[in-house]
There are 2 protein chains.
Amino acid sequence: MSREAPSTAVEPTPEQALDVVRESIERERLVTLFGPCRVEYEGRASSTLDVGDRLVVLKPDGSALVHTDEGQQPVNWQPPGCTHEARVDDGTFVVESQRTTPDEELLVRFESVRHVAAYDATDPEDLALSGTEADLRDRILDDPSLLEDGFEPRATERDTPAGAVDIFGEDAEGNAVVVELKRRRVGPDAVGQLNRYVEALRRDLHADATVRGILVAPSVTDRAGRLLERRDLEFVSLSPVPET
Amino acid sequence: MSREAPSTAVEPTPEQALDVVRESIERERLVTLFGPCRVEYEGRASSTLDVGDRLVVLKPDGSALVHTDEGQQPVNWQPPGCTHEARVDDGTFVVESQRTTPDEELLVRFESVRHVAAYDATDPEDLALSGTEADLRDRILDDPSLLEDGFEPRATERDTPAGAVDIFGEDAEGNAVVVELKRRRVGPDAVGQLNRYVEALRRDLHADATVRGILVAPSVTDRAGRLLERRDLEFVSLSPVPET
DNA sequence: GTCTTCATGTCGGAT
DNA sequence: ATCCGACGTGAAGAC
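Residues numbered from 1 in each chain as written. Chains lettered and ligands numbered in written order. Predicted model: local features only at pLDDT ≥ 70, side-chain atom pairs only at ≥ 80, totals over all residues. Heavy atoms only, no water.

Asks: How should the overall build of chain A be read in this particular structure?
Replies: When you go through chain A residue by residue, the secondary structure sums to four helices and 15 strands. Computed over its C-alpha atoms, the radius of gyration of chain A comes to 26 Å, more than 25% above the 18 Å expected for a compact globule of 244 residues. The dimensions of chain A, computed from C-alpha atoms along their principal axes, are 75 × 40 × 30 Å. Counting every position in chain A, which comprises 244 residues, the buried fraction comes to 49%. Taking the intrachain contacts of chain A between residues at least 6 apart in sequence as the baseline, contacts between residues at least 24 apart amount to 54%. Of the roughly 11400 Å² that chain A leaves accessible, carbon and sulfur atoms contribute 44%. (Helix = DSSP H or I, 4+ residues; strand = E, 2+ residues; numbered from the N terminus. Rg over C-alpha atoms; globule rule 2.2 N^0.38 Å. Buried < 20%, exposed > 50% of the residue type's maximum accessible area, 1.4 Å probe, protein only. Contact = heavy atoms within 4.5 Å. Areas by Shrake-Rupley, 256 points an atom, 1.4 Å probe, with all protein chains shown as cover.)

So this is what it looks like as structure tokens:
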């Protein structure tokens, strides 16, 4: 019962495709199908897609992907947790993938299946990613003077009525400082976020407390920069990874 | 030179895989590879992924996808416009996908290729999607009283210094109305967005002009609701699709 | 190219 | 289950 060789069939009949797919779903294999098909989706939104050649991937965790020859994103999909079902309907091979909460359904109707394959896939590894917001946070915690001289971090993920603040601390004068981190160049949305946290803390702390808000990112857009000024918020340029 | 049958090879040697993949890239076919591999990415961020079974998809538009047995999203990828290259390196089959602006590179090193397939794929169809924000906008433009009696739309995508307003109009009393649309339940971010537009218009219009801000969505979260009140903004519950 | 926002966003973490 | 924010977000449209 260890990993078996991939099962594949070129130009299978609908019945042959059905056999492969049903058994593969049963045995929790990763399935790929290729051929001309129509796709219908109904759920949070709804869509139809007329006949074209597509690659359909069914994963053992219940995800489904419909890929065309273009684009990084699938043209249709279903998230993990769905139930895949295959059948032959009116002589054509059909895959249906359903879930509840919310009720959603994906239907792929093949004009013909040009290829089907099934794989035993196991992947014990986690992705090791660097250059994230967490890396930016750690850079500042390791050397708070990167933010400004005299800055002292007091907490990460500090809760406020408006949400959790990335880094909360004190400046050299003892003022409260709210730091919002972004791993890349930011627009007006990040300024709004920082502003909400600063307002919330100003309401929560003593009325006489000064609360500074500092946005930390590699850079800001013009509009975001003007918005920062208007809100009396500050900006410090810093990347998740030291500049080369 | 019309559509040929899929080419596939089970357990190819690295050299056989190389032949198939090189020719398929040349001929702009859609390629899938399956087998145990390591993956490295370097670009906006960087990542490594140790050995595991994965499905790799190379598209003729230059996209690359690395899928594990779990998750809707690829564990690694490359966007359209990249250059795919295959080679045998130290006896192992390797795929490299590169792009510029920004410089990014994806490297997939197979321990062994368990299956390779190549497809001629053409897809002339566009997805027909409904239930989007555009549908919500059209509902209101068709029947402005859905927003409130006496509302008159004047413009969509009206420009302000803070960005484009979804719907700009006038209420029964002649006050300016800024409408922000969301196709689903919204959080604090949407309130911030609406607030920016309202502030910008208050600065732009005559000092004595009243500018109302209305958020239109199926529902709002508690925090967003409180934020709306604090900012003196309004909420109207409406879905992109009429309720059943 | 940059900027801005939408998305069936997805995903993870916390409550 | 909902809420909230990060993401190598991606994709589209405007400038």
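Asks: Would you explain the packing of aromatic side chains in this entry?
Replies: The geometry of an aromatic ring pair is captured by the separation of the ring centres together with the interplanar angle, meaning the angle of the planes. As enumerated under the stated definition, the model contains four aromatic pairs over all chains in all. Ring geometry for Phe 93 of chain A versus Phe 110 of chain A: centroids 5.8 Å apart, planes at 45°, classification tilted. Remark: Phe 110 of chain A occurs in strand β8 (residues 104-110) and Phe 93 of chain A occurs in strand β7 (residues 92-99); sequence separation between them is 17 residues. Each member of the pair, Phe 93 of chain A together with Phe 110 of chain A, is buried. Taken together, a centroid distance of 4.2 Å and an interplanar angle of 15° make the contact between Tyr 119 of chain A and Phe 34 of chain B stacked. Within this pair, whereas Tyr 119 of chain A is found in strand β9 (residues 115-119), its partner Phe 34 of chain B is found in strand β2 (residues 30-42), the two belonging to separate chains. Per residue, the accessibility class of Tyr 119 of chain A equals that of Phe 34 of chain B, and both read buried. Taking NZ or CZ as reference, Arg 158 of chain A lies 4.6 Å from the ring centre of Phe 168 of chain A, over its face. (Phe/Tyr/Trp six-rings, centres within 6.5 Å; stacked < 30°, edge-to-face > 60°. Lys NZ or Arg CZ within 6 Å of the ring centre and 35° of its normal.)

Asks: What should I look at first to understand empty space enclosed by the protein in this one?
Replies: Take a probe with the size of a water molecule and roll it over the atoms, and the empty space left behind shows itself. By the definition in use, this model includes three cavities of 30 Å³ or more. Considering only enclosed or pocket space, the largest cavity measures out at about 60 Å³ in volume. Forming the boundary of the largest cavity are Gly 192, Asn 195, Arg 196 and Arg 231 of chain A together with Gly 192, Asn 195, Arg 196 and Arg 231 of chain B. Looking at the lining of the largest cavity, the elements that each hand over two or more residues are α3 (188-204) of chain A together with α3 (188-204) of chain B. Along the lines of polarity and charge, the residues of the lining of the largest cavity split into no nonpolar, four polar and four charged. The volume enclosed by the second largest cavity comes to roughly 40 Å³. (1 Å grid on protein atoms, 1.4 Å probe; cavity = no way out; pocket = protein on both sides within 12 Å on 5 of 7 lines; lining within 4 Å. Points joined across faces, edges and corners; volume = space filled by probe spheres on them. Nonpolar A, V, L, I, M, F, W, Y, C, P; charged D, E, K, R; others polar.)

Asks: Where do I start with the environment of Leu 147 of chain B in this structure?
Replies: Residues and elements named next belong to chain B. Turning to its location among the elements, Leu 147 is positioned in the loop between α2 (133-142) and β11 (152-160). With 67 residues separating them in the primary sequence, Leu 147 and Ile 214 have C-alpha atoms 8.8 Å apart. Beyond its immediate sequence surroundings of up to four residues, Leu 147 is in contact with Val 179, Ile 214, Val 216 and Val 236.

Asks: So what exactly am I meant to see when it comes to the relation of the copies chain B and chain A here?
Replies: The operation linking the two copies of the chain is a rotation about an axis combined with a translation along the axis. Rotating chain B by 180° about the axis while translating it 0.0 Å along that axis superimposes it on chain A, leaving an RMSD of 0.1 Å. Here the transformation between the copies is reduced to the relation of a two-fold axis. Ranked by how close their C-alpha atoms come to the rotation axis, the residues of chain B are headed by Gly 192 of chain B, at 3.0 Å. Take the interface residues of chain B: 100% of them recur as interface residues in chain A, which is what a same-surface contact looks like. (Least-squares fit on C-alpha atoms with pLDDT ≥ 70 in both.)

Asks: Is there a simple way to think about the sheet that holds strand β15 (residues 234-237) of chain B in this case?
Replies: Each strand in a sheet pairs with another by means of backbone hydrogen bonds, the pair being arranged parallel or else antiparallel. Residues and elements named next belong to chain B. Read from one edge of the open sheet, five strands run β11-β12-β13-β14-β15, paired in mixed fashion. Both outer strands of the open sheet, β11 and β15, are each paired with one neighbouring strand and no more. Between one strand and the next, the sheet's axes are offset by a mean angle of 30°, whatever the strand orientation. Of the strand pairs in this sheet, strand β12 (residues 163-170) and strand β13 (residues 176-181) are connected by four bridges, and their pairing is antiparallel. Paired with Glu 170 across the bridge in β13 is Ala 176. (Pairing = 2+ DSSP bridges. Axes fitted to C-alpha atoms, helices over the stretch in contact; angles between N-to-C directions.)

Asks: Explanation requested: the sheet that holds strand β13 (residues 176-181) of chain A in the structure shown.
Replies: Residues and elements named next belong to chain A. The five strands are arranged β11-β12-β13-β14-β15 in an open sheet whose pairing can be described as mixed. The sheet is open, and its two edges are formed by β11 (152-160) and β15 (234-237), each paired on a single side. Within this sheet the neighbouring strands show an average axis-to-axis angle of 30°, counted without direction. Here β13 pairs with strand β14 (residues 211-217) via six bridges, running parallel. Bridge pairing in β14 links Leu 181 to Val 216. Lying on the sheet, α3 is in contact with β11, β12 (163-170), β13 and β14; it crosses β14 at an angle near 155°.

Asks: Can you help me understand the protein's contact with DNA strand C in this one?
Replies: Surrounding DNA strand C, one finds 26 residues, the nearest of these being Arg 44, Trp 77, Arg 185 and Thr 221 of chain A together with Arg 183 of chain B. A share of 85% is what sugar and phosphate atoms reach among the atoms of DNA strand C within 4 Å of the protein. Interatomic distance of 2.8 Å between a backbone N/O atom of Gln 72 of chain B and a phosphate oxygen of DNA strand C. At 3.2 Å, a backbone N or O of Gln 73 of chain B approaches a phosphate oxygen of DNA strand C. Those elements that place two or more of their residues in the surface near DNA strand C are β5 (76-78) of chain A together with α3 of chain B. With three residues, the single largest contributor to the surface near DNA strand C is α3 of chain B. Considering only residue class, the surface near DNA strand C consists of eight nonpolar, eight polar and ten charged. (Near = heavy atom within 4 Å. Polar contact = N/O pair within 3.5 Å; in protein donor to acceptor, adjacent residues only side chain to side chain.)

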